[in-house]
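The residues making up each chain are set out below.
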Amino acid sequence: MNVKIVDLTLRDGHQSLLATRMRTRDILPILETFDQVGIHCFEVWGGATFDACHRFLNENPWERLREIRKRVKNSLISMLLRGQNLVGYKHYPDDIVEKFVQKTAEYGLDVFRIFDALNDVRNLVTSIKTAKKCGAHVQGTICYTISPVHTVEKYVEIANELAELEVDSICLKDMAGLLSPKVAYELVKTLKKEVGLPIDVHSHYTSGMASMSLLKAVEAGADMIDTCMSPLSMGTSHPPTESMVYALEELGYKTGVDMDVLLEVREYFMKVREKYAGYLNPISTIPDANVLVYQIPGGMFSNLIAQLKEQNALDKLPEVLKEVPKVREELGYVPLVTPTSQIVGVQAVLNVLTGGRYKVIPKETKDLVKGMYGRTPAPIKEEIIKKVLGDEKPIDCRPADLLEPEFEKRKKELEKMGIEASDENVLLYALFPQTGLQFLKGELSEEPFPAAINFEDVEGEFEVEFEGSVYSVKVKPV
Ligand code: CO
């Protein structure tokens, strides 16, 4: 039996462990060798890379995609697309979604992995249909989480909705490392039987279970597994490519991977890891069983720690960790993945540090309760709606139905400013009106590599910055 290896080192790997900061100049030199390994698909783009690329590295994300494409000839290349949120944190109008997907397909991206944080398939329709029209492989994604409403039947229902949109395969996306070996087996078995599409399993190592879960998933018939090269594996990242290949081959599965070339690639990423060591938070390199209780995905966990360390309020971590599931339940058992992971995380931090629950309510929490992100997996209780929205009423349509087309407007704005209004520039600006524009004007610069992170000496008042809004919170020094 064949098992295809999907290597995520160049997207999820450094997003999980190195704050998404890998520079294009450190990605390109290894691609031609990596391309000889026999990897089925490289995930190289999307997720947070588009944002981090221009915002922190002063790099054009489109340029990165084009340069990668030039060098990868044997393997497929894929991206992670957040449905109607694309590579940003809010819903964009359909015309922007269509243009973005078309442009990306035009630059040669093969596989679109498309998900919605709430598993609200209405939010996937436009991007899936557009990518299909462009002739790309579309991987419809189910975000895996644990809650009283997330049953096997529920997942089959979501997968069937995706199948109706004619996706080519299904990704079972376990952002938080919650997928246990037992459930992985049951879920993959059932999905294969009920839906029949090829299945790719994506499981973060956060709780330390991912290698076992991938193996059980393969035994249940999974067609593809997601891994990262060992130097950027484990912790909040993924099982190591090398180890999974070895184990599977020994068990008689064919991965098509050449171990010798793989070791060459490993050498390279060892150097990358050393170079980027300043971005590596030691805590996120160790499996944490807390995730099984608190269900907090890797990225979110390191964010919470960073936020609290910055405030010198790390002693509040246990409280925040207890607050997260409470907030999550109140907000309709949303899966903790971007952007809902940030919403729940920030609200939980605010609930603890401001000394009163929902005393400070960011706009993002309001929007979630209002239905602006889509349907929550479980309905939100009337009392929370009241607390958060006051007299306002939630919407019941697809959120993007409320948005006016934007592409032409953004294009004219750029022209007026005398900036080249190419499709890629307009999209960068439409997605990130502030930093995108700064980038296009040449006002940004590459951030320096940090020395080892030092979170000491911060106390007093702190600010939560969340999508353009800044929330000021007073903290007692420890
Ligand atoms: Co991931």
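Residues numbered from 1 in each chain as written. Predicted model: local features only at pLDDT ≥ 70, side-chain atom pairs only at ≥ 80, totals over all residues. Heavy atoms only, no water.

Here's the deal with the packing of helix 2 (residues 24–34) against helix 11 (residues 259–275)
Okay, step 1: Packing of helix 2 against helix 11 leaves a shortest axis separation of 10 Å and a crossing angle of 170°. On the basis of their axis angle, the class for helix 2 and helix 11 is roughly antiparallel. Note on element contacts: helix 11 touches helix 2 through Val-261, Glu-264, Val-265, Tyr-268, Phe-269, Val-272 and Lys-275, opposite Arg-25, Asp-26, Ile-27, Pro-29, Ile-30, Thr-33 and Phe-34.
Okay, step 2: Taken together, the residues that form the contact of helix 2 with helix 11 break down as nine nonpolar, one polar and four charged. (Axes fitted to C-alpha atoms, helices over the stretch in contact; angles between N-to-C directions. Helix = DSSP H or I, 4+ residues; strand = E, 2+ residues; numbered from the N terminus. Parallel < 35°, antiparallel > 145°, perpendicular 65-115°, else oblique. Contact = heavy atoms within 4.5 Å. Nonpolar A, V, L, I, M, F, W, Y, C, P; charged D, E, K, R; others polar.)

Thoughts on the domain arrangement of the protein chain
Okay, step 1: On domain assignment, one finds that the protein chain holds domain 1 (4–282), domain 2 (288–401) and domain 3 (406–440).
Okay, step 2: Here the C-alpha centre of domain 3 lies 29 Å away from the C-alpha centre of domain 1.
Okay, step 3: On the side of domain 3, twelve residues touch domain 1, which itself brings 22 residues to the contact.
Okay, step 4: Approximately 1600 Å² of surface area, both sides summed, lies buried where domain 1 meets domain 3, with 68% of it carried by carbon and sulfur atoms.
Okay, step 5: When the buried area of domain 1 at its contact with domain 3 is split by residue, His-54, Ile-96 and Lys-99 rank highest and sum to 33% of it.
Okay, step 6: Inspection of the region where domain 1 meets domain 3 yields three salt bridges.
Okay, step 7: One salt bridge in this structure joins Asp-423 and Lys-103, with 3.9 Å as the shortest N-O distance.
Okay, step 8: At the boundary of domain 1 and domain 3, one finds eight residue pairs in polar contact (both at pLDDT 80 or more).
Okay, step 9: Among the elements of the structure, helix 3 (49–57), helix 4 (61–71) and helix 5 (94–106) are those that each provide at least two residues to the side of domain 1 that touches domain 3. (Domains from an automatic or database assignment. Buried area = accessible area lost by both parts, 1.4 Å probe. Salt bridge = Lys/Arg side-chain N within 4 Å of Asp/Glu carboxyl O. Polar contact = N/O pair within 3.5 Å; in protein donor to acceptor, adjacent residues only side chain to side chain.)

Observations concerning the nonpolar core
Okay, step 1: Grouped together as the largest cluster of nonpolar side chains are 103 residues, with contacts concentrated most on Phe-100 and Phe-269.
Okay, step 2: The two domains that each donate at least three residues to this core are domain 1 (4–282) and domain 3 (406–440).
Okay, step 3: Phe-301, Val-324, Leu-336 and Ile-343 belong to the second largest nonpolar core, which has 32 residues in total. (Core = buried A, V, L, I, M, F, W, Y, C linked by side-chain atoms within 4.5 Å. Buried < 20%, exposed > 50% of the residue type's maximum accessible area, 1.4 Å probe, protein only.)

Some points on the coordination of the cobalt ion
Okay, step 1: Around the cobalt ion, the protein supplies Asp-12 (OD), His-202 (NE2) and His-204 (NE2) as donor atoms, at distances of 2.0 to 2.2 Å.
Okay, step 2: All donors to the cobalt ion come from one chain, and their sequence spacing reads D-x189-H-x1-H.
Okay, step 3: A relative accessible area of 1% places His-202 in the buried class. (Donors = N, O, S within 2.8 Å, 3.2 Å for Na, K, Ca; no water.)

Observations concerning the pattern of salt bridges
Okay, step 1: Evaluated as defined, the whole model comprises 35 salt bridges.
Okay, step 2: The closest approach of N and O atoms between Arg-357 and Glu-323, which form a salt bridge, is 2.8 Å. Remark: Glu-323 occurs in helix 14 (residues 317–330) and Arg-357 occurs in the loop between helix 15 (340–353) and helix 16 (363–370); sequence separation between them is 34 residues.
Okay, step 3: The exposure class assigned to Arg-357 is partly exposed, which follows from its relative accessible area of 31%.
Okay, step 4: Connected via shared salt-bridge partners are Arg-11, Asp-12, Glu-43, Arg-113, Asp-200 and Asp-226.

Describing the packing of helix 16 against helix 17 (residues 382–389)
Okay, step 1: Here helix 16 crosses helix 17 at 140°, and the two axes come no closer than 10 Å. As far as their axial angle goes, helix 17 and helix 16 are oblique. Pair helix 16 / helix 17 crosses with left-handed handedness. Facing helix 16, whose interface residues are Thr-365, Lys-366, Val-369 and Lys-370, helix 17 presents Ile-385, Val-388 and Leu-389.
Okay, step 2: Its residues assigned to classes, the contact of helix 16 with helix 17 shows four nonpolar, one polar and two charged. (Left-handed = near helix turned anticlockwise from the far one by under 90°.)

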